[in-house]
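Letter by letter, the chains look like this.
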Amino acid sequence: MVTIQFIPYTQIEGLSSLGKIRKLLNIAKQDKIVLLQGRLRKEEETELIKVTMEEINKEFKGIELAVINPSATNLSGMQRLRSGFANMLLGNRQGMTVIGPANVVKQIRKDPNKIELFTKDSKKRKKKAKKR
Amino acid sequence: MGFFSKLFGSLFKGWFKKRGNLKLGLYGPPNAGKTTLANKICKDWLGEEMGAVSKIPHETREIKIKEQIAIKSKGKELLFNLVDTPGIATKIDYEDFIKAGLKEKAAKKRAKEATRGVIDAIKWLDDMDAVVVVLDATKDPYSQVNITIIGNLQARDIPVLVTANKIDLKKAKIKKVQAAFPQYEVVGLSAKYGTNLKSFYETLFKVVK
């Protein structure tokens, strides 16, 4: 069984960058797939990778990460301006971020219009956990 | 404050560039061919190689720098320090290294060093004056690591040249890489066999200016 936890943007908007990363990573470390409304800032995405690397151990192997963004190229000039202004005021709520623990998610395959999540066999996962 | 630090940053960057202390970073996911390209550049212009390469991912686990490389193209010269960085990944499992043929102890050591290497590579992003993003043209260019690296370079106003490496392989798709990053110069090449390196150097001049 795979658990997916949805996090609305309002749950992280008041947090510091590190606070956001901690919150999302803590959920992923419980072997849950995080579905975040919107996206982190670009700098926060690299910080997420950095913190993930610091936390890797026997039990936690890292994450699979994917951001789905409504293509900016499809927007008209006015729409783009409006969306940029809204992002500045309200944070980046557009799109969706998927963070899957590497123990559960084998691969996230993405092209601009679709996203595929390949999960690991849960029996194998349990066997591995027992070994440890 | 942000404006002034940006202004001073660009002034200093320009000053260092003139003195040939430009730092050119090679970034990308593991096993894309960053060190193979670094070796090719060093062999072409210094006559010596930079580091070891391997089929097992995360062979480069420390930042490596080769100083004072002068490349020439169409009568112009570009002087820079080449920075080869460990591959950036979001997950590292020592069991993958065991599957690749390493003993358990060596695999665990490699995994530990590899995580440190990713952190260092990210920390060094701020220090780069220009970056060559090395992608494996046989793999999916839309991976989030690629998008995150390039997005960060864009946010930092660092000039970027994207290379679609391994074009000697049948599965290589340069057009897919170009479609993924239409706002950047994309050069298809084979670092292993030195294919299209001339075009790579010419484009590098264009990007770095």
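Look a little higher up for the structure.
Residues numbered from 1 in each chain as written. Chains lettered and ligands numbered in written order. Predicted model: local features only at pLDDT ≥ 70, side-chain atom pairs only at ≥ 80, totals over all residues. Heavy atoms only, no water.

1. Concerning the overall build of chain B
So, point 1. Counting secondary structure elements, chain B contains seven helices and six strands.
So, point 2. In chain B, the order of α-helices and β-strands from amino to carboxyl end is α-β-α-β-β-α-α-β-α-β-α-β-α.
So, point 3. For a compact globule of 209 residues, the expected C-alpha radius of gyration is about 17 Å, and chain B comes in at 17 Å, within 12% of that figure.
So, point 4. The long-range share in chain B, meaning contacts at least 24 apart out of those at least 6 apart in sequence, stands at 69%.
So, point 5. Carbon and sulfur atoms form 54% of the exposed surface of chain B, whose accessible area is close to 10,600 Å².
So, point 6. Considering chain B, the positive charge centre built from 38 side chains and the negative charge centre built from 23 side chains are found 3 Å apart. (Helix = DSSP H or I, 4+ residues; strand = E, 2+ residues; numbered from the N terminus. Rg over C-alpha atoms; globule rule 2.2 N^0.38 Å. Contact = heavy atoms within 4.5 Å. Areas by Shrake-Rupley, 256 points an atom, 1.4 Å probe, with all protein chains shown as cover. Lys, Arg positive; Asp, Glu negative; His and termini not counted. Charge placed at Lys NZ, Arg CZ, Asp CG, Glu CD.)

2. Considering the environment of B:Ala106
So, point 1. Within the fold, B:Ala106 resides in helix α4 (residues 104–124).
So, point 2. C-alpha of B:Ala106 to C-alpha of B:Tyr94: the two residues are twelve residues apart in sequence and 8.9 Å apart in space.

3. Points about the sheet that holds strand β3 (residues 76–84) of chain B
Residue and element names in this part refer to chain B.
So, point 1. Strand order across the open sheet formed by six strands is β2-β3-β1-β4-β5-β6, with mixed pairing between neighbours. The open sheet is flanked by β2 (64–73) and β6 (185–188), the only strands paired with a single partner. Along the sheet, successive strands turn relative to each other by an average axial angle of 30 degrees, direction set aside.
So, point 2. In this structure, β2 lies alongside β3, joined through eight bridges in antiparallel fashion. Opposite Ala70, over in β3, you have Leu79 as the bridge partner. (Pairing = 2+ DSSP bridges. Axes fitted to C-alpha atoms, helices over the stretch in contact; angles between N-to-C directions.)

4. Examining helix α2 (residues 42–55) of chain A
Think of an α-helix as 3.6 residues a turn; residues three or four steps apart then line up on the same face.
So, point 1. For α2(A), with 14 residues, the first-to-last C-alpha span of 20 Å sits near the 20 Å given by 1.5 Å per residue.
So, point 2. Burial analysis of α2(A) places ten of its 14 residues in the buried class, which makes it a mostly covered element.
So, point 3. Those residues of α2(A) that fall on the buried side of the exposure criterion are A:Glu44, A:Glu45, A:Thr46, A:Leu48, A:Ile49, A:Lys50, A:Val51, A:Thr52, A:Met53 and A:Glu55.
So, point 4. Each element contacted by the buried residues of α2(A) is listed here: α1 (17–28), β3 (63–68) and β4 (96–101) of chain A together with α4 and α5 (144–155) of chain B. (Expected span 1.5 Å × (residues − 1). Buried < 20%, exposed > 50% of the residue type's maximum accessible area, 1.4 Å probe, protein only.)

5. Brief notes about the nonpolar core
So, point 1. Grouped together as the largest cluster of nonpolar side chains are 38 residues, with contacts concentrated most on B:Tyr27, B:Ile88, B:Ile92, B:Leu153 and B:Val162.
So, point 2. The set of elements that each furnish at least two residues to this core consists of α2 of chain A together with α3 (94–99), α4, β4 (130–136), α5, β5 (160–165) and α6 (174–180) of chain B.
So, point 3. Top element by residues in this core is α4(B). It accounts for seven residues.
So, point 4. Residues in contact with B:Leu153, not counting those within four places in the same chain, are B:Leu125, B:Val131, B:Val133, B:Ile158 and B:Val160.
So, point 5. Formed by 28 residues, the second largest nonpolar core is a distinct cluster that contains B:Leu22, B:Cys42, B:Leu82 and B:Leu204. (Core = buried A, V, L, I, M, F, W, Y, C linked by side-chain atoms within 4.5 Å.)

6. Brief notes about the packing of aromatic side chains
All names here are of chain B.
So, point 1. Applying the stated criterion to the full structure yields two aromatic pairs over all chains.
So, point 2. Summarising the aromatic geometry, the rings of Trp45 and Tyr201 are spaced 5.3 Å apart at their centres and angled 85 degrees between planes, so their arrangement reads as edge-to-face. With a gap of 156 residues between them, Trp45 in helix α2 (residues 34–45) and Tyr201 in helix α7 (residues 197–208) connect regions that are remote in the sequence.
So, point 3. Tyr201 sits in the buried class, given a relative accessible area of 6%.
So, point 4. Judged by centre distance (5.4 Å) and plane angle (55 degrees), the rings of Phe200 and Tyr201 are tilted. Neither Phe200 nor Tyr201 differs from the other in exposure class; each is buried. (Phe/Tyr/Trp six-rings, centres within 6.5 Å; stacked < 30°, edge-to-face > 60°.)

7. Here we look at the packing of α2(A) against α5(B)
So, point 1. One way to put it is that α2(A) packs onto α5(B) with a least axis distance of 9 Å and a crossing angle of 130 degrees. Relative to α5(B), the element α2(A) lies oblique. The chirality of how α2(A) crosses α5(B) is left-handed. Within the contact between the two elements, α2(A) uses A:Lys42, A:Glu43, A:Glu45, A:Thr46 and A:Ile49 and α5(B) uses B:Gln144, B:Thr148, B:Gly151, B:Asn152, B:Gln154 and B:Ala155.
So, point 2. In the contact of α2(A) with α5(B), the residues fall into two nonpolar, six polar and three charged. (Parallel < 35°, antiparallel > 145°, perpendicular 65-115°, else oblique. Left-handed = near helix turned anticlockwise from the far one by under 90°. Nonpolar A, V, L, I, M, F, W, Y, C, P; charged D, E, K, R; others polar.)

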